[in-house]
Amino acid sequence: MSTLTVWSLNGGRFVGNTPHEEPQTLKWLKGLSEPGATVPDVLCLQDFRVSLLQYLQPLPHFCFVAMANHKIWGKRELWGICIASRYPLNDIAVHYTWGDGIIRNLEGVGDDNERIGSGNIVDPLVLRSLNWAAVACSVCKPGDPAPWRIATHHGFWVRGGNSSPEQMRSTDSLCGFLAEQGRRHGGIVYTADCNPDKEGMVLRRYAESDGRDCLPQDVKTTLAEHHPAAKLGIKADHIMIWPDKDGKFTYDVTNVYVDPSPGSDHLMLCSTVSRHL
């Protein structure tokens, strides 16, 4: 049986605490090119910057989708999500769950990557200048009878984990996109920083659209120990599958575990994907 190793990581923009610090996340990313490094078949990245594509040499096929022109230590840079692969990608589909797809300078966020000021002032600035994006693509592994359909996204962030109408609209748009992609491509695997709300409404919307969550119950959190919400058992990152046009789940996800080694405030979510055609 053919399989695909799929990893997902929110890298916290791979930015250090000072302009001159090289964070562990960036050291980890560069380490993928070192001899003997373990490299997945597919790596899904959120909070990723376009200048970092140069460090994905072991995963030379990629699609990067910008969400905004972020300011990183005083310098503007495209920032968004990425799917990188050992194998060729085709049939790439980009969907904006929030925003019009026009890339703008991100407002309301300072050089330290934190939102500036109180929520009722800064959050509207972010929302009007930011696109939340999802991307799906077909991974063409040589010798396999059909491509593998993989998707990622950066979930709509809400302050304090409190759900909002905007978050629910973005989630509904995402679920419609994933369900349609599954029907069109014989099922789909989705792994991402989902940014679910604390009431569980986002995860319920996934389930209502026929998404099946493959994150094991024994994974207590997908956040690193130094993340303020880790002690609350927050599971921000998930891997899910959607069925094909006949309602059949063609993908199986096994060997799911979290890996702290990249050094982000999110743990890397690792999995093995197989399927039955």
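Scroll up to find the structure.
Residues numbered from 1 in each chain as written. Predicted model: local features only at pLDDT ≥ 70, side-chain atom pairs only at ≥ 80, totals over all residues. Heavy atoms only, no water.

**Some words on the overall build of the protein**
Keep this limit in mind: For helices the rule is a DSSP run of H or I covering at least 4 residues; for strands it is a run of E covering at least 2, with both sets numbered from the N terminus onward. Our radius of gyration is a C-alpha quantity, and the globule rule it is checked against amounts to 2.2 Å times the number of residues to the power 0.38. Two residues qualify as a contact provided that any one of their heavy atoms is within 4.5 Å of a heavy atom in the partner residue.
When helices and strands are tallied, the protein shows 4 helices and 12 strands. Scaling as 2.2 N^0.38, a compact globule of 277 residues should have a C-alpha radius of gyration of about 19 Å, and the protein matches this with 18 Å. Seen through its principal axes, the protein has C-alpha atoms that stretch 50 × 45 × 35 Å. Sequence-distant contacts, at least 24 apart, represent 72% of the contacts inside the protein between residues at least 6 apart.

**Observations concerning unusual backbone geometry**
Apart from glycine, the bulk of residues carry a negative phi angle, and the bulk of peptide bonds sit in the trans form. The backbone of Trp73 shows a phi angle near 50°, a positive value even though the residue is not glycine. In this structure, Trp73 sits in the loop between β3 (61–72) and β4 (75–85). The phi torsion at Asp210 lies on the positive side, around 80°, for a residue other than glycine. Position of Asp210 relative to the elements: it lies in the loop between α4 (201–208) and β9 (212–213).

**Some details on the pairing of strand β12 (residues 268–275)**
Put simply, the rule is: We call a residue buried when its accessible area falls under 20% of the maximum for its residue type, exposed when it is over 50%, and partly exposed in between, using a 1.4 Å probe and counting protein chains only. A pair of strands is labelled paired if DSSP reports no fewer than 2 bridges between them.
With 8 of 8 residues buried, β12 lies mostly within the body of the structure. Across the two faces of β12 the burial is the same, with Met268, Cys270, Thr272 and Ser274 and Leu269, Ser271, Val273 and Arg275 all buried. With 5 bridges connecting them, strand β1 (residues 4–10) and β12 associate as antiparallel partners. Its bridge partner lying in β12, Trp7 is registered against Cys270. Relative to β12, strand β11 (residues 251–259) runs antiparallel, the two sharing 7 bridges.

**Examining the sheet that holds strand β7 (residues 148–153)**
Put simply, the rule reads: With axes taken as lines fitted to C-alpha atoms, and helix axes fitted only over the stretch in contact, angles between N-to-C directions fall between 0 and 180 degrees.
With mixed pairing, the 6 strands of this open sheet are ordered in space as β5-β6-β7-β8-β10-β9. Looking at which strands have only one partner, the edges of the open sheet turn out to be β5 (89–98) and β9. Two strands pair when backbone bridges link them, and β9 and strand β10 (residues 237–242) are joined in this way by 2 bridges, in the antiparallel orientation. Note on β10: the bridge partner recorded for Asp213 is Met240. The sheet strands contacting helix α3 (residues 165–185) are β5, β6 (132–139), β7, β8 (188–193) and β10, and the helix crosses β5 at an angle near 155°.

**Considering the nonpolar core**
Note the threshold: In this text, buried Ala, Val, Leu, Ile, Met, Phe, Trp, Tyr and Cys residues form a nonpolar core when linked through side-chain atoms within 4.5 Å.
If you look at the biggest cluster of nonpolar residues, it comprises 39 residues, and the most contacted ones within it are Leu4, Val42, Leu130, Val139, Ile150 and Val273. At 5 residues, β6 tops the list of elements feeding residues into this core. If we ignore the near neighbours within four places in the chain, the residues touching Val273 are Ser2, Thr3, Leu4, Val6, Trp148, Val189, Tyr251, Asp252 and Val253. One finds Leu32, Phe48, Leu56 and Cys82 within the second-largest nonpolar core, a separate group that totals 21 residues.

**A word on α3**
For the record, the criterion: Under the convention used throughout, the expected extent of a helix is 1.5 Å for every residue step, that is, one less than its residue count.
With 21 residues, α3 should cover 30 Å at 1.5 Å per step; its first-to-last C-alpha distance of 30 Å lies within 8% of that length. Within the span of α3, buried status applies to Gln167, Met168, Ser170, Thr171, Leu174, Cys175, Phe177, Leu178, Ala179, Gln181, Gly182 and His185. Tucked into the core, α3 has its buried residues touching β5, β6, β7, β8, α4 and β10. Of the residues trailing α3, Gly186 is marked for its positive phi of about 75°.

**What to know about the state of the cysteines**
The criterion, for reference: Defined by distance alone, a disulfide is two cysteine sulfur atoms within 2.5 Å.
Evaluated as defined, the whole model comprises 0 disulfides. For Cys63, which is in no disulfide, the shortest distance to another cysteine sulfur is to Cys137 and amounts to 4.2 Å. Cys63 sits in the buried class, given a relative accessible area of 6%.

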